[in-house]
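What the coordinates show
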Amino acid sequence: MNQGPIPAAEAVNKLIQELNKLPGIGPKSAQRLAYYLLRTPEEQTRLLAEAILSVKQEITLCSVCFNVTDSAPCLICRSDQRDRSQICVVEQPQDILALEHTRVYHGLYHVLHGAISPTEGVGADDVRIKELINRLQSGSVNEVILATNTNLEGEQTAMYLHRLILPLGIKVTRLAQGLPFGTELEYADDVTLTRALEGRQEF
Ligand SMILES: [Zn+2]
């Protein structure tokens, strides 16, 4: 009688299932990682587990720009080296890493934590747009750089923001040149991103 494949031990199975929930990790990779961790010295796996827990326990969102941070406000918002007249609007915190890596931008950021997507039921109130407009009303900003992704959601969000910001008398630019349609900022290379920043055009 065929009883089907015998599953891995309960704890191993559970680890595989959890790893499988991570982005980009399919069932095969999850299995490989689980067995890798099983062979790894306990001390090393403890460091990994502690690192995962501490990002959840120690990291919060900056109360000003909503970047991930372990100090509030974040280092960029607190820095006196940054140009406070510019705010670059991004979808995700990891986009800031990509832009900082180019070293050509020295202004502030604002993280939306998503993009408007009517098809997925994400509206303007589901991302940090209200908070951005509040920041802009302080009057010290004279350029907003829209650095949302160049896919449909990113473009829709940029257009929506443009309409909202224009009446405030603030220059709105779009980081687009050199970025092919469909680009997710975090995966763009330095040269492309630098070009896109330097070649930004008024909306
Ligand atoms: Zn901040």
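For the structure itself, consult the block above.
Here is a short report on the structure shown in this document. These numbers come from a predicted model, not from an experiment.

Quick notes on the rules
- Residues numbered from 1 in each chain as written.
- Predicted model: local features only at pLDDT ≥ 70, side-chain atom pairs only at ≥ 80, totals over all residues.
- Heavy atoms only, no water.
- Buried < 20%, exposed > 50% of the residue type's maximum accessible area, 1.4 Å probe, protein only.
- Helix = DSSP H or I, 4+ residues; strand = E, 2+ residues; numbered from the N terminus.
- Pairing = 2+ DSSP bridges.
- Right-handed = clockwise from strand over helix to strand, strands pointing away.
- Axes fitted to C-alpha atoms, helices over the stretch in contact; angles between N-to-C directions.
- Left-handed = near helix turned anticlockwise from the far one by under 90°.
- Contact = heavy atoms within 4.5 Å.
- Nonpolar A, V, L, I, M, F, W, Y, C, P; charged D, E, K, R; others polar.
- Salt bridge = Lys/Arg side-chain N within 4 Å of Asp/Glu carboxyl O.
- Polar contact = N/O pair within 3.5 Å; in protein donor to acceptor, adjacent residues only side chain to side chain.

1. Section: the pairing of strand β3 (residues 83-90)
Counting buried positions along β3 yields six of eight residues, so the element is predominantly enclosed. Pairing analysis gives five bridges linking β3 to strand β4 (residues 107-111), with the strands arranged parallel. Of the residues in β4, the one forming a bridge with Asp-83 is Gly-107. For the crossover that starts at β3, traverses helix α5 (residues 93-102) and ends in the parallel β4, the hand is right-handed. Note: β3 against strand β5 (residues 143-146), four bridges, orientation parallel. Of the residues in β5, the one forming a bridge with Val-89 is Leu-146.

2. Re the packing of helix α6 (residues 129-136) against helix α7 (residues 152-165)
It is at 11 Å that the axes of α6 and α7 come closest, and there the two elements cross at 35°. α6 and α7 meet at a crossing whose hand is right-handed. Taken together, the residues of α7 that come into contact with α6 (itself represented by Ile-129, Leu-132, Ile-133 and Leu-136) are Tyr-160, Leu-161, Leu-164 and Ile-165. Here the residues of the contact of α6 with α7 sort into eight nonpolar, no polar and no charged.

3. Looking at the environment of Ala-34
Within the fold, Ala-34 resides in helix α2 (residues 27-39). Taking relative accessible area as the criterion, Ala-34 reaches 1% and is therefore assigned buried. Contact partners of Ala-34, with chain neighbours within four places excluded, come to Leu-15, Ile-16 and Leu-19.

4. Some words on the sheet that holds strand β6 (residues 171-174)
The strands that make up a sheet pair up through hydrogen bonds in the backbone, lying either parallel or antiparallel. A sheet is described by the order of its strands in space; here five strands give the open sequence β4-β3-β5-β6-β7, paired in mixed fashion. Since the sheet does not close on itself, it has two edges, and those belong to β4 and β7 (201-202), each with one partner.

5. Here's the deal with the pattern of salt bridges
Within this structure, the stated rule accounts for six salt bridges. Between Lys-21 and Glu-18 there is a salt bridge whose closest N-O contact spans 2.9 Å. Here Glu-100 makes a salt bridge to Arg-82, at a shortest N to O gap of 2.8 Å. Placement of Glu-100 in helix α5 and of Arg-82 in the loop between α4 (75-78) and β3 is noted, with a sequence separation of 18 residues between them.

6. Re the side chain of Arg-82
Owing to a relative accessible area of 14%, Arg-82 belongs among the buried residues under this scheme. Within the structure, the side chain of Arg-82 is placed 2.8 Å from the side chain of Glu-100, a separation counted as a polar contact. A distance of 3.4 Å separates the side chain of Arg-82 from the backbone oxygen of Tyr-105, its partner in a polar contact. Those residues in contact with Arg-82, other than ones at most four positions away along the chain, are Ile-76, Glu-100, Tyr-105, His-106, Gly-107, Leu-108 and Tyr-109.

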